[in-house]
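Here's the letter readout for the chains.
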Amino acid sequence: MNEAPLDIKALLTSAEEVFLEETGWLDDCSPEELERTYTDFASRFRTWRARLEESLGPPSVTRERAPDLAEELYFEAFELAAWPKDHGYLVLACGQHDRESPIFVSFGYREPNGA
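Residues numbered from 1 in each chain as written. Predicted model: local features only at pLDDT ≥ 70, side-chain atom pairs only at ≥ 80, totals over all residues. Heavy atoms only, no water.

**Looking at the side chain of arginine 63**
As a reminder of what qualifies: The secondary structure listing takes helices from DSSP runs of H or I that are at least 4 residues long and strands from runs of E that are at least 2 residues long, numbered from the N terminus. Only protein chains enter the accessibility calculation, which uses a 1.4 Å probe; a residue whose area is less than 20% of its type maximum is buried, one above 50% is exposed, and one in between is partly exposed. When charges are counted, neither His nor the chain ends are considered; positive counts come from Lys and Arg and negative counts from Asp and Glu. When a carboxyl oxygen of Asp or Glu is within 4 Å of a side-chain nitrogen of Lys or Arg, the pair counts as a salt bridge. What qualifies as a polar contact is a pair of N or O atoms within 3.5 Å, subject to a donor-acceptor requirement within protein and to the restriction that residues adjacent in sequence count only when both atoms come from side chains. Contacts: residue pairs with any heavy atoms within 4.5 Å of one another.
Looking at the element boundaries, arginine 63 is found in the loop between strand S3 (61–62) and helix H3 (67–73). Glutamate 71 provides the closest opposite charge to the buried, unpaired arginine 63, separated from it by 4.8 Å. Here tyrosine 74 takes part through its backbone oxygen, which lies 3.1 Å from a polar atom of the side chain of arginine 63. Within polar-contact distance, the side chain of arginine 63 engages the backbone oxygen of alanine 77 at 2.4 Å. Not counting residues up to four positions away in its chain, the partners in contact with arginine 63 are Ala70, Glu71, Tyr74, Phe75, Ala77, Phe78 and Leu80.

In C-alpha cells form, the structure reads like this:
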C-alpha cells in the first residue's frame, strides 16, 4: 500500500486531487481480504479526517448528514467528508472505482454535479 506523508498545509493548497493512500490492484483479492481492506481504509480515512479537522474544523458534508450531496461530490466514495471552498468543496474521500481497482483515500477540490 502506498502512503504519501504530506504536510497538511501543502495538501490544502494543492490544486488537484491527491491520492493519500491506496492499495494496489485487487484482481486476486478474496471477499474476506477485500472486507478487511475496506475496514482498514475506513480507519485510515478517519485518521486523515481528524488531521484535516485540526485545520478546517468539522466537515459540513458527510455521507450521513447529506447523502445526496456526498454522492454528487464523489459517487465512488463510501466514506466522505467535505468542507466548503469557493464554488465547491474540499473533499476527503475513501472509495473504489471498480471491484478490482485500488481502494483509496484522496483529498481535493470538487464541485457538485451541475455547478
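That was the structure; now back to the text.
**So, the environment of serine 60**
One can find serine 60 in the loop between helix H2 (31–56) and S3. Looking at serine 60, the relative accessible area reads 40%, which means it is partly exposed.

**Quick look at the nonpolar core**
In plain terms, the rule: Among the buried residues, those of types Ala, Val, Leu, Ile, Met, Phe, Trp, Tyr and Cys that are joined through side-chain atoms within 4.5 Å form a nonpolar core.
Ranked by internal contacts, the top residues of the largest apolar core, which has 19 residues, are Leu11, Leu20, Trp48, Leu52, Leu92, Val105 and Phe107. When sequence neighbours within four positions are dropped, the list of residues in contact with leucine 52 reads Ile8, Leu11, Leu12, Gly57, Trp83, Leu92 and Phe107.

**A word on the pairing of strand S4 (residues 77–85)**
For the record, the criterion: For two strands to count as paired, DSSP must find a minimum of two bridges between them.
Note that S3 and S4 share two bridges and pair antiparallel. Its bridge partner being in S4, threonine 62 is matched across the sheet by alanine 81. Looking at chain direction, S4 and strand S5 (residues 88–96) are connected through eight bridges and run antiparallel. If you follow alanine 82 over to S5, its bridge partner there is valine 91. Between S4 and S5, which pair antiparallel in sequence order, lie two residues; one of them, aspartate 86, sits at a positive phi of approximately 50°.

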